[in-house]
Amino acid sequence: MDTEAFSLSVPLWEIVIRGSIVYWFLFLIFRSILRRDMGSVGVGDFLFVVIVADASQNAMSGDAKSIMDGLVLISVLVCWNILIDWLSYKNQWIRRVMEAPPLVLVRNGVLQTRAMRREFITKDDILAKLREDGIAHISAVKQIQLESDGQLSIIHDDK
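Fair warning: this is a prediction, and the values are worked out from it, not measured in the lab. All residue numbers refer to positions counted from 1 along the written sequence of the respective chain. At least 70 in pLDDT is required for a residue's local features to be given in this predicted model, at least 80 for side-chain atom pairs to be given and counted, and no such filter applies to totals for whole chains, interfaces and linings, which use all residues. Hydrogens and water molecules were not included; the side-chain quantities draw on all heavy atoms of the structure.

**Re the nonpolar core**
Consideration 1: Put simply, buried Ala, Val, Leu, Ile, Met, Phe, Trp, Tyr and Cys residues joined by side-chain atoms within 4.5 Å make one nonpolar core. Buried residues are those whose accessible area, probed at 1.4 Å on protein chains only, stays under 20% of the maximum for their type, while exposed residues exceed 50% and partly exposed ones sit between those limits. By size, the foremost hydrophobic cluster in this structure holds 15 residues, and its most contacted members are L105, I126, L130, V141 and I144.
Consideration 2: Secondary structure counts use DSSP, requiring at least four H or I residues in a row for a helix and at least two E residues in a row for a strand, with both numbered from the N terminus. Contributing elements (two or more residues each) for this core: β1 (103-107), α5 (113-119), α6 (123-132), β3 (141-146) and β4 (152-156).
Consideration 3: Beyond its immediate sequence surroundings of up to four residues, L105 is in contact with V110, L111, Q112, A115, M116, I121, I126, I144, L146 and L152.
Consideration 4: Core analysis: the second largest hydrophobic core is formed by 12 residues, L47, I51, I84 and M98 among them. Every residue pair with non-hydrogen atoms within 4.5 Å of one another is taken to be in contact.

Written out as C-alpha cells, the structure is:
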C-alpha cells in the first residue's frame with residue numbers, strides 16, 4: 001500500500017486557510033444572491049453540502065494529491081459549519097448577520113416593486129403563490145414576505 005496516499009501533500013495551515021476563505025466567499029455569495037432559490041434548505045446547509053461534495057470528490061479522485069488533504073479540508077468545513085450553527089443559536093446578533101431578514105413583497109395588497117426587483121420576483125410569481133393558497137386577489141393579502149429560507153409567507157387580511 002502506498003503511504004503517500006495517507007500523508008499531507010499541502011501544509012496543514014494552507015488547507016485550513018484555503019478552506020476557510022472558500023467557505024466564507026461562497027457563504028457570502030449564496031447569502032446575498034441565491035436566497036430565493038434555496039427552498040427550505042438553509043444557505044449554510046446547502047453551501048456545506050456543495051463544498052463537502054467537491055472536497056470529497058477531490059480527495060477520492062486524487063486531485064488533492066492525498067486522501068489526508070481531502071479529509072483535513074472536509075474537517076475544516078465541518079468545523080466552520082458547526083461553529084456557525086452554534087454561534088447563531090447562542091447569539092441573536094450573529095443570527096441576524098447569518099440569516100437574511102424577511103423581506104416584505106406585498107404590504108396591504110400593494111406590490112413592493114423595489115423589493116421584488118431586488119430579488120427578481122415577478123408579479124406572476126406572487127400571483128402563482130396566491131393561487132396555491134386559494135386567494136383570488138392580491139387585495140385580500142395583508143402581507144407577503146420572502147423568508148430567509150426562500151419561502152414566501154402570506155399573512156391574510158382579516159377584514
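Resuming the write-up.
**Structural notes on unusual backbone geometry**
Excluding glycine, a negative phi dihedral is what most residues carry, and trans is how most peptide bonds are arranged.
Consideration 1: With a phi angle near 50°, N108 is a residue other than glycine that sits in the positive phi range.
Consideration 2: Considering the arrangement of structural elements, one finds N108 in the loop between β1 and β2 (110-111).
Consideration 3: The exposed category is assigned to N108, whose relative accessible area is 55%.
Consideration 4: One non-glycine residue, F120, lies in positive phi territory at about 60°.
Consideration 5: A residue is classified by how much of its surface remains accessible, and F120, at 68% relative accessible area, is exposed.

**Some thoughts on the sheet that holds β3**
Strands belonging to one sheet form pairs held by backbone hydrogen bonds; the direction of such a pair is parallel or antiparallel.
Consideration 1: Two strands pair if DSSP finds at least two bridges between them. Pairing in this open sheet of four strands is antiparallel, and the strands run β2-β1-β3-β4 from one edge to the other. Pairing within the sheet leaves two strands with one partner each, and these edge strands are β2 and β4.
Consideration 2: One ladder, built from five bridges, connects β3 with β4; its direction is antiparallel. Along β4, the bridge assignment pairs L146 with L152.

**A look at the environment of G150**
Consideration 1: Relative to the assigned elements, G150 resides in the loop between β3 and β4.
Consideration 2: Judged by relative accessible area, G150 falls into the buried class, the value being 11%.
Consideration 3: Each C-alpha atom, one on G150 and one on P102, is 9.2 Å from the other, the two residues being 48 residues apart in sequence.

**Quick notes on the environment of L87**
Consideration 1: As for its position among the elements, L87 is in helix α3 (residues 67-90).
Consideration 2: With a relative accessible area of 27%, L87 lands in the partly exposed category.
Consideration 3: With 11 residues separating them in the primary sequence, L87 and M98 have C-alpha atoms 9.7 Å apart.

**Considerations on α6**
Consideration 1: Of all the positions in α6, only I126, K129 and L130 are classed as buried. Buried residues along α6 cover an arc of 100° about the axis, so they all sit on one side. Along α6, exposed side chains directed more than 90 degrees from the buried face belong to D124, R131 and E132.
Consideration 2: On the buried face of α6, the contacting elements are β1, β2, α5, β3 and β4.
Consideration 3: Positive phi appears at G134, one or two residues downstream of α6, with a value of about 75°. It is the directions from the helix axis to the C-beta atoms that the arc portrays.

**Describing the packing of aromatic side chains**
Consideration 1: Planes of paired rings set the category: under 30 degrees apart is stacked, over 60 is edge-to-face and the rest tilted, where pairs are Phe, Tyr or Trp rings (Trp by its six-membered ring) whose centres lie within 6.5 Å. Tallying each qualifying case throughout the model produces one aromatic pair.
Consideration 2: Ring centres of W24 and W80 lie 5.2 Å apart, and the angle between their planes is 85°; on these two criteria the pair is classed as edge-to-face. Linking W24 in helix α1 (residues 12-33) with W80 in helix α3, this pair joins segments that are 56 residues apart in sequence.

Read these as layout, nothing more, since geometry by itself doesn't imply function.
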